[in-house]
Amino acid sequence: MPLQVAVLKTRAITAVFFVVIMLTGLLWNQWSYLLLFTVIHFGCWYEYKQLLLKIDPSYAQMNSIHHNSIQLAGFGLLLTGGQDSLQIGELVLPDLGQYILVAFLLLFMTNEVLRNKSNSYRFPLYAFCGFLYISLASYCMMLMFGNIRHRVFPAQPDITMPLLVIATIWVNDTMAYLVGSLIGKTPLSSVSPKKTLEGTLGGFVLAVLAVTFIATHFFDLPRISVVILSCLTALAGTWGDLLESKLKRMAGVKDSGQIMPGHGGFLDRFDSLLIAAIAVGLVFSLRYST
């Protein structure tokens, strides 16, 4: 695949725009972090629903309680991953999140029993898959901001793990594109014809090496934890990219949305992060559970 300068320039401009937005949300404070991932959570849910409606038009028969209750339950899950310092007066948001999660899950299940007249199990399955795909990922991103970091990188700022994950994704995507453009010959998958095996392997190796070198030599982070995190992120991020490409191919669309004209939607921007967040969040939670 020849190097396309115009495409590379467009991707660079888009990347700069998103870097500014992402870094503002990530670095300002814990409230901007919560707001950022709340917007990402509901934006991804909206586009996931639109893709499902194109894949299976009969899904349109489901009522608003079906669609909204599972998303709000997911928001409750997101809140439970936050730190206890997220408070409004005496109201601790992670505690509130537990009530929101349980209440809207019960509402969702009650609605399915009483009002799902299709007798089809695939509609609740669609919702449950979205809950795992989007809401669990958002929960894991909240966990990484402080709760897991306290055990993995105890002397570092709360934002350390999220930044490492996002940096690994960006380096992996950029290097995979460059390596694939220069020497890529072997298609990786029919799901995403532009991806090559050479580009994917090159992106993975360069991302792990670059992130590990910078994190250990300039920030004195423990090497083994950084290597595990970057490997998980690069592998899971690539799988997340392919998963979203598969969904778009099934829906017959090029982009999941249009948050930026010509540059795609929320799922296009965060497909790699969703799966990477789940992989890193769950693995490190289990590894440091004791």
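So, a few notes on the structure that sits alongside this text.

Calculation rules
- Residues numbered from 1 in each chain as written.
- Predicted model: local features only at pLDDT ≥ 70, side-chain atom pairs only at ≥ 80, totals over all residues.
- Heavy atoms only, no water.
- Helix = DSSP H or I, 4+ residues; strand = E, 2+ residues; numbered from the N terminus.
- Buried < 20%, exposed > 50% of the residue type's maximum accessible area, 1.4 Å probe, protein only.
- Contact = heavy atoms within 4.5 Å.
- Areas by Shrake-Rupley, 256 points an atom, 1.4 Å probe, with all protein chains shown as cover.
- Lys, Arg positive; Asp, Glu negative; His and termini not counted.
- Charge placed at Lys NZ, Arg CZ, Asp CG, Glu CD.
- Salt bridge = Lys/Arg side-chain N within 4 Å of Asp/Glu carboxyl O.
- Polar contact = N/O pair within 3.5 Å; in protein donor to acceptor, adjacent residues only side chain to side chain.
- Phe/Tyr/Trp six-rings, centres within 6.5 Å; stacked < 30°, edge-to-face > 60°.
- Expected span 1.5 Å × (residues − 1).
- Bend = angle between axes of the 7 residues up to and from the residue.
- 1 Å grid on protein atoms, 1.4 Å probe; cavity = no way out; pocket = protein on both sides within 12 Å on 5 of 7 lines; lining within 4 Å.
- Points joined across faces, edges and corners; volume = space filled by probe spheres on them.
- Nonpolar A, V, L, I, M, F, W, Y, C, P; charged D, E, K, R; others polar.
- Axes fitted to C-alpha atoms, helices over the stretch in contact; angles between N-to-C directions.
- Parallel < 35°, antiparallel > 145°, perpendicular 65-115°, else oblique.
- Left-handed = near helix turned anticlockwise from the far one by under 90°.

### Some thoughts on the overall build of the protein
Okay, step 1: Each helix and strand counted, the protein has 10 helices and four strands in total.
Okay, step 2: Counting from the amino terminus, helix and strand elements in the protein follow one another as α-α-α-β-β-α-α-α-α-β-β-α-α-α.
Okay, step 3: Reported as C-alpha extents along the three principal axes, the dimensions of the protein are approximately 55 × 45 × 30 Å.
Okay, step 4: Relative to its 290 residues, the protein shows a buried fraction of 49%.
Okay, step 5: Sequence-distant contacts, at least 24 apart, represent 72% of the contacts inside the protein between residues at least 6 apart.
Okay, step 6: Here the protein displays about 14400 Å² of accessible surface, and carbon together with sulfur accounts for 69% of that area.
Okay, step 7: A gap of 9 Å separates the mean positions of the 19 positive and 15 negative side-chain charges of the protein.

### Description of the environment of Lys-54
Okay, step 1: Topologically, Lys-54 is positioned in helix H2 (residues 30–55).
Okay, step 2: Between the C-alpha atoms of Lys-54 and Ala-251, which are 197 residues apart in sequence, the distance is 5.1 Å.

### Section: the pattern of salt bridges
Okay, step 1: Applying the stated rule across the entire model yields five salt bridges.
Okay, step 2: Asp-241 is paired through a salt bridge with Lys-195; the nearest N and O atoms lie 2.6 Å apart. Note that Asp-241 is positioned in helix H9 (residues 223–251) and Lys-195 in strand E4 (residues 192–196), a separation of 46 residues in sequence.
Okay, step 3: In this structure, Lys-248 and Glu-244 form a salt bridge, with 3.6 Å as the shortest nitrogen-oxygen distance. Of the two residues, Lys-248 and Glu-244 both sit in helix H9, four residues apart, roughly one turn of that helix. With respect to class, Lys-248 is no different from Glu-244; both count as buried.
Okay, step 4: The network of salt bridges with common partners includes Glu-244, Lys-248 and Asp-268.

### Quick look at the environment of Asn-63
Okay, step 1: Within the fold, Asn-63 resides in the loop between H2 and helix H3 (64–80).
Okay, step 2: A sequence separation of 156 residues divides Asn-63 from Phe-219, and the C-alpha atoms of the two residues are 51 Å apart.
Okay, step 3: When residues no more than four places from it in sequence are discounted, the contact partners of Asn-63 are Asn-111 and Arg-115.
Okay, step 4: Engagement of the side chain of Asn-63 in a polar contact is seen with the backbone nitrogen of Ile-65, the distance being 3.2 Å.
Okay, step 5: Here the side chain of Asn-63 touches His-66 through a polar contact of 2.9 Å, landing on its backbone nitrogen.

### What about the packing of aromatic side chains?
Okay, step 1: Counting across every chain of the model gives 10 aromatic pairs.
Okay, step 2: A centroid spacing of 6.2 Å and a plane angle of 65° characterise the contact between Tyr-48 and Tyr-133, whose relative ring orientation is edge-to-face. Placement of Tyr-48 in helix H2 and of Tyr-133 in helix H5 (residues 122–144) is noted, with a sequence separation of 85 residues between them. As far as the burial class goes, Tyr-48 and Tyr-133 line up, both buried.
Okay, step 3: Pairing Phe-213 with Phe-218 gives two aromatic rings, centres 6.0 Å apart and planes at 75°, and the pair type is edge-to-face.
Okay, step 4: Relative accessible area serves as the criterion here: at 43%, Phe-213 is assigned to the partly exposed category.
Okay, step 5: For Phe-218, a relative accessible area of 60% puts it in the exposed group.
Okay, step 6: What links up through ring pairs into an aromatic cluster is the set Tyr-33, Phe-37 and Phe-145.

### A few points about helix H4 (residues 93–115)
Okay, step 1: The first and last C-alpha atoms of H4 sit 31 Å apart over 23 residues, in line with the 33 Å expected at 1.5 Å per residue.
Okay, step 2: Residues of H4 that are buried: Leu-93, Pro-94, Gly-97, Ile-100, Leu-101, Phe-108, Asn-111 and Glu-112.
Okay, step 3: Lining the buried residues of H4 we find H2, H3, strand E1 (87–88), strand E2 (91–92) and H5.

### Details of helix H10 (residues 266–287)
Okay, step 1: Taking 1.5 Å of rise per residue, 22 residues should cover 32 Å, and H10 covers 30 Å from first to last C-alpha, within 8% of that figure.
Okay, step 2: The largest bend in H10 comes to about 35°, at Ser-272.
Okay, step 3: In terms of burial, H10 is largely enclosed, as 16 of its 22 residues are buried.

### Topic: the layout of surface pockets
Okay, step 1: Volume-wise, the second largest pocket comes out at about 380 Å³.
Okay, step 2: Broken down by secondary-structure element, the contributors of at least two residues to the lining of the second largest pocket are helix H1 (5–27), helix H7 (160–183) and helix H8 (197–217).
Okay, step 3: Here the element with the most residues in the lining of the second largest pocket is H7; it accounts for seven residues.
Okay, step 4: Here the lining of the second largest pocket is built from residues that sort into 16 nonpolar, two polar and no charged.

### What to know about the packing of H7 against H8
Okay, step 1: As a packed pair, H7 and H8 sit with axes 7 Å apart at the nearest point and diverge in direction by 140°. Here H8 runs oblique to H7, going by the angle between their axes. For the element pair H7 and H8, the recorded crossing hand is right-handed. Listed contacts from H8 to Leu-164, Ala-167, Thr-168, Val-171, Asn-172, Met-175, Ala-176, Val-179, Gly-180 and Ile-183 of H7 are Glu-198, Gly-199, Thr-200, Gly-202, Gly-203, Phe-204, Leu-206, Ala-207, Ala-210, Val-211 and Ala-215.
Okay, step 2: Of the residues contributing to the contact of H7 with H8, the split by class is 13 nonpolar, seven polar and one charged.

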